[in-house]
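Below, each chain spelled out in residue letters.
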Amino acid sequence: EEAVGFWSSGDGEVGPATALAAAGAEPLADEVLAQLEAARGRITQILVPLQLADPALYDLAVLGGGGEDEDFAGEGGSTADGLPPEAANLPHGWEAHVAESGHIYYNNLVSTQTQWELPSQDAAVSAGWRLFQAESGEWFYHNPDDGSGVWWPELPKGPAEPSSVDALRREVG
């Protein structure tokens, strides 16, 4: 109800949230969430070149520089699941978890490695894959070692690794 009141226009007119609530829009919640998640994916895809060119500027664009977004985290500066706000906006392919000690660690879904530091790049890129843009505008991951590829946002099934020591020697030599 608080959100419905917040979204209403305040001048007696029925705002979009009030109209949805009055219409019994509970079933629409899943559809709206799916649309928001799809939009987030498109925005993330559009920002990939920025992430590659200037990670600090990307972080500013995605994580925000303060202002209104600081109120979103709630009291204590953490999200509902106890993670800090920056853990909610991780690069593609990372998950945040809380260790028994209470410290936050990050899991790379491609390499399955974990780290304590906040990740700064896409999980597949940090696992050795290269991210390229096709002529169609879509993005794909390319494994420089075996030539395989995966279309973004699907994640590769493992890190990019040379098939053998000889393959690595050919690449270096």
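Keep in mind that what you see is a predicted model, and the values were worked out from it rather than measured.

Visitor: Would you explain the sheet that holds strand β2 (residues 104-108) in this entry?
Guide: The strands that make up a sheet pair up through hydrogen bonds in the backbone, lying either parallel or antiparallel. Taken together, three strands build an open sheet; the order of strands is β1-β2-β3 and the sheet is antiparallel. The open sheet is flanked by β1 (94-98) and β3 (114-115), the only strands paired with a single partner.

Visitor: Can you help me understand the side chain of N107 in this one?
Guide: As for its position among the elements, N107 is in strand β2. Under the relative-accessibility criterion, N107 is labelled buried at 16%.

Visitor: Quick question: what am I supposed to make of the packing of aromatic side chains here?
Guide: The final tally for this structure, using the stated rule, is three aromatic pairs. Measuring from centroid to centroid gives 6.0 Å for F132 and F140, while their planes differ by 35°, and the two rings are tilted. Assessed through its relative accessible area of 38%, F132 is described here as partly exposed. The class of F140 is partly exposed, set by a relative accessible area of 22%. These aromatic residues form a ring-pair network of at least three members: F132, F140 and W151.

Visitor: Please explain the pairing of strand β4 (residues 130-133) as it appears in this structure.
Guide: Sheet faces and side chains relate simply in a regular strand, where the side chains alternate between the two faces. Pairing between β4 and strand β5 (residues 139-142): four bridges, direction antiparallel. By the bridge assignment for β5, Q133 is matched with W139. Between the end of β4 and the start of β5, which pair antiparallel, lie five residues, with G137 showing a positive phi angle near 100°.

Visitor: Any chance you could explain the sheet that holds strand β6 (residues 149-151) here in plain terms?
Guide: Taken together, the three strands give an open sheet; going across it, the order is β4-β5-β6, and neighbouring strands pair in antiparallel fashion. Both outer strands of the open sheet, β4 and β6, are each paired with one neighbouring strand and no more. When strand polarity is set aside, the average angle formed by the axes of neighbouring strands in this sheet is 30°. When β5 meets β6, the two strands line up antiparallel, connected through three bridges. Among the inter-strand pairings, F140 is bridged to a residue of β6, identified as W151.

Visitor: Looking at this structure, I do not really get the environment of S126. What am I missing?
Guide: In this fold, S126 is placed in helix α6 (residues 123-126). Of the residues examined, S126 reaches a relative accessible area of 35% and is grouped as partly exposed. Each C-alpha atom of the pair S126 and N108 lies 8.7 Å from the other, and the pair is 18 residues apart in sequence. Beyond its immediate sequence surroundings of up to four residues, S126 is in contact with W94, N108 and Q121. Within the structure, the side chain of S126 is placed 3.0 Å from the side chain of N108, a separation counted as a polar contact.

Visitor: In this structure, what is going on with the pairing of β5? I would like to understand it.
Guide: The alternating pattern of β5 places W139 and Y141 on a buried face, while none of F140 and H142, on the opposite face, is buried. Linkage of β5 to β6, two consecutive antiparallel strands, is achieved through a turn of six residues, within which G147 is found at a positive phi near 80°.

About the thresholds
- Residues numbered from 1 in each chain as written.
- Predicted model: local features only at pLDDT ≥ 70, side-chain atom pairs only at ≥ 80, totals over all residues.
- Heavy atoms only, no water.
- Pairing = 2+ DSSP bridges.
- Helix = DSSP H or I, 4+ residues; strand = E, 2+ residues; numbered from the N terminus.
- Buried < 20%, exposed > 50% of the residue type's maximum accessible area, 1.4 Å probe, protein only.
- Phe/Tyr/Trp six-rings, centres within 6.5 Å; stacked < 30°, edge-to-face > 60°.
- Axes fitted to C-alpha atoms, helices over the stretch in contact; angles between N-to-C directions.
- Contact = heavy atoms within 4.5 Å.
- Polar contact = N/O pair within 3.5 Å; in protein donor to acceptor, adjacent residues only side chain to side chain.

The values are spatial; any link to function lies outside them.
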